[in-house]
Amino acid sequence: MPMARPSGSPRGPRQDKHLFDTEYSLRSRLLISLANDLAALGGELFELDIPRMAFIGNQSAGKSSLVEAATGIAAPRDSGTCTRCPMQCTIMRGAGPWSCTITLRFLYDDKGNPLKGDKEVSFPTIYDPKDVEIWLRRAQAAILMPRANSLDFYNKSREELKGMQADMIPFSWNKVEVLVRDPEGADLSFVDLPGIIQHHRTVTEVVPFVKKLTERFIKNQNTLIVVTVPMTGERRHLQVADWIVAKTLSLDDFENQGAFELATQADPEGLRTIGVGTKPDMLTPGNTSGLDKWKDILEGTTSNLRHGYYSVKLPSDKEREEGHSRSELEKREKNFFGSTEPWKSLDNQSRLGMRNFVENTSRLLIGLIENNLPSIKKRVDKLLAKDTRLLSRLPELFTADNPIAVILIRVAAFGKTLQATIDGTQRKDFVRKNRSRYDTFKGEIKNTAPSLQSSGARPAQAPAAPPTPLIFAQSITNLTPLGPIYVADVQETIRAHRTWELPSYVPFEATKEIILQHIEHWEDPLTRIFNDISKNTLDLVRSLVHDPEYFGRFAELVSFVETVIGQEAAALRAQVSDLLKKKFNMENSSPLSTANLERFNQERTTWLNRIYGNSSQPLYSDEHKVMADVHAYFHIASARFIDVVVLCIEQEWHKKLAVQLEGSLIEKIAPLPLETLNLLLSEDPKVSKERNNLTTRITNLTKIRARLSEYEAQTREEAWGADLDGLN
């Protein structure tokens, strides 16, 4: 069943009066100017999906000739890829003299990432079409050498530009914009993209770059994709025609897919793709298969594209060299289609020739722009409202007439809050967390208590004082493993220390050895308790420093305060660590002493009574007396050590830290010069960057909104003028 005839295809002979001489022409120029201005103001960065037309094609598919025919200007032609950056072409019919204005627009870096702000460089306006080609070469060279001064290219010759190739980047995301004002031209705007290539002799990155560039430009739903395809009799181009009809192009012939494959990926339903067949004169009369296929395609009976296909006969190299006028070339093209089969018998003649292609695609583009203006305006208003709201949520810019007073007030408030938190009157979770850690520390010390076995023999299979698993990781090496202590173990310890003592005396060194073998295990819990508590403290300090109520609003001040605090805290922490180490060494060495003899005797007696009962004159064994002494002393010493460690951390670390930090900050800030104080109160770079980005976006969106309003005013003036003409 034949497919529907392509839409937007006028039938019958063309009207004598061109559409360019009507009010429609004025509206077309206004809409094209509007679309170009919106794009220049960053419309793509705001994802406005501004309607546009993109010319794509495989290399040597006739795309450059199509661009020349549409614009009336000569494009650079060299071996290899001609177009090495996007070229935005706008043609406007006007009453004045012919002119061509070239502008460079830098929106992206070398990797295609958007720049913070666009850069526009104007080239001279050209009034002779013959001069355009060299100026386009210069403009493209300036785009491909973005770090060079664009003015340096003004007087470069072809030979000089060729000599600079080694210094140029292969391709660029940035655009050369060409505005042609032509009394005989059409109202049309499109972007010409580099030809699709499958390999490059020297730079392998070129192939994926061109593919990615093309994909970016044709992905938006409001982009009309114009694909050029040679209508030659060559096998590979007949395969393209077959694929156009049935989409069955062999996947192993990738070179022939190129542009059409990318267009199909971006527009799988063919709703916005327009095919243009070039070189129809290469289809000889004997190539009936190729002629029939292209005839069906152009008639629309086998078209798979909504807007169909066109065929254009573009000037040959010889005709270009002969310098024929546009009207002469148009006449030759018309004579070719009017005298050559099957084109002269084609039912739909509007599908033949450059003028039909330009006029029909111009209508499509103008209609697309006009129909999408409401949605573009709506998105601009939405983005503008969103960015304005985000900007309002940022802290106001801070200014201070007396910066040292502002900073010192914040230092005092910081110190007061830190002291109150340590005292437990504010942020009480801090004290609760520390008390929980102290309880854990207490349990770790208690778990090192001697396990004294007053009766029973050591298991035969077990060695003396066998090690038992500890409930905390050991970080101190060469420690005596903790385990049950039997009477036999004590006997061996006494025997090891006995020298010339009288038989009734037990060497004190035996008792001391057993006690210190357990006290030495306190060092690891001590190290860990101070590490954990000091970390908790410094986390608190850090959170207060970053709190906007104190220093957090000012990145430079935060950095300064953190440096001072870091130095002060490190010094104090080292002092407290040394102090705690001394406290541990006092317990872990001679003399073993306590002034709390009443408590010592009570603990000793209680332990012995559990073995001997409350006998008035018990006969204690030497081993049990040693065990009782070990038990009593450990009980007193461990309780004493736990209290000392907690008090030392609270008094020497917490209390002093709060006082010293505030004093040190005041001492360091007071002598700073005014310039440094102002720098400390400067805005956070992240906030400043966000503020600048939002301000830039709002400025550009406001410009876009103003340009849309300007167009609305222009159309109202146009309508008002038309009404007055009607009254006259």
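A few points on the structure. Every value quoted in this text rests on a predicted model; they were computed, and no experiment measured them. (Residues numbered from 1 in each chain as written. Predicted model: local features only at pLDDT ≥ 70, side-chain atom pairs only at ≥ 80, totals over all residues. Heavy atoms only, no water.)

Next up on the list: the pairing of strand E2 (residues 87–92). Buried residues dominate E2, accounting for six of its six residues. The alternating pattern of E2 places Met87, Cys89 and Ile91 and Gln88, Thr90 and Met92 on opposite faces, both of which are buried. Of the pairings in the sheet, the one linking E2 to strand E5 (residues 175–181) comprises six bridges and is parallel in character. Across the sheet, methionine 92 pairs through a bridge with arginine 181, a residue of E5. With five bridges connecting them, E2 and strand E6 (residues 188–192) associate as antiparallel partners. Opposite methionine 87, over in E6, you have aspartate 192 as the bridge partner. (Buried < 20%, exposed > 50% of the residue type's maximum accessible area, 1.4 Å probe, protein only. Helix = DSSP H or I, 4+ residues; strand = E, 2+ residues; numbered from the N terminus. Pairing = 2+ DSSP bridges.)

Here the structure, examined in full by the defined rule, presents 15 aromatic pairs. Judged by centre distance (6.1 Å) and plane angle (55 degrees), the ring pair of phenylalanine 55 and phenylalanine 357 falls under tilted. Of this pair, phenylalanine 55 sits in strand E1 (residues 52–57) while phenylalanine 357 is found in helix H11 (residues 354–393), placing the two residues 302 residues apart along the sequence. Ring centres 5.6 Å apart and planes at 85 degrees place the aromatic pair phenylalanine 530 and tryptophan 653 in the edge-to-face group. Of this pair, phenylalanine 530 sits in helix H16 (residues 523–545) while tryptophan 653 sits in helix H19 (residues 622–669), placing them 123 residues apart in sequence. Look at phenylalanine 530 and you get buried, because its relative accessible area is 3%. Clustering of aromatic rings is evident, with ring pairs tying together Phe55, Phe190, Tyr310 and Phe357. (Phe/Tyr/Trp six-rings, centres within 6.5 Å; stacked < 30°, edge-to-face > 60°.)

We now examine the nonpolar core. Ranked by size, the top nonpolar core spans 73 residues in total, and within it Leu66, Ile102, Leu104, Phe123, Val176, Phe190 and Phe357 carry the most contacts. Per element, the largest residue contribution to this core is eleven residues, and it comes from H11. The residues touching leucine 66, leaving out its near neighbours within four places in the chain, are Phe55, Val226, Thr228, Val276, Val312, Leu314, Met354 and Phe357. Leu418, Leu572, Val576 and Ile636 belong to the second-largest nonpolar core, a separate cluster that totals 69 residues. (Core = buried A, V, L, I, M, F, W, Y, C linked by side-chain atoms within 4.5 Å. Contact = heavy atoms within 4.5 Å.)

A few words on the pattern of salt bridges. The final tally for this structure, using the stated rule, is 34 salt bridges. As a salt-bridge pair, arginine 542 and aspartate 539 come within 2.9 Å of each other at their nearest N and O atoms. Of this pair, arginine 542 and aspartate 539 both sit in helix H16, three residues apart, which is roughly one turn of that helix. One network of salt bridges, with partners in common, ties together Arg105, Glu120 and Glu177. (Salt bridge = Lys/Arg side-chain N within 4 Å of Asp/Glu carboxyl O.)

Moving on: the packing of helix H17 (residues 555–587) against H19. One way to put it is that H17 packs onto H19 with a least axis distance of 9 Å and a crossing angle of 160 degrees. When the axes of H17 and H19 are compared, the pair comes out roughly antiparallel. In the packing of H17 onto H19, the handedness of the crossing is right-handed. (Axes fitted to C-alpha atoms, helices over the stretch in contact; angles between N-to-C directions. Parallel < 35°, antiparallel > 145°, perpendicular 65-115°, else oblique. Left-handed = near helix turned anticlockwise from the far one by under 90°.)

Quick look at a positive patch on the surface now. A cluster of like positive charges, contributed by Lys378, Lys382, Lys386, Arg389 and Arg393, occupies part of the molecular surface. The residue lysine 386 is located in helix H11 in this model. (Patch = residues over 30% accessible without salt bridge, like charges linked within 9 Å, V, L, I, M, F, W, Y side chains within 5 Å. Areas by Shrake-Rupley, 256 points an atom, 1.4 Å probe, with all protein chains shown as cover. Lys, Arg positive; Asp, Glu negative; His and termini not counted. Charge placed at Lys NZ, Arg CZ, Asp CG, Glu CD.)

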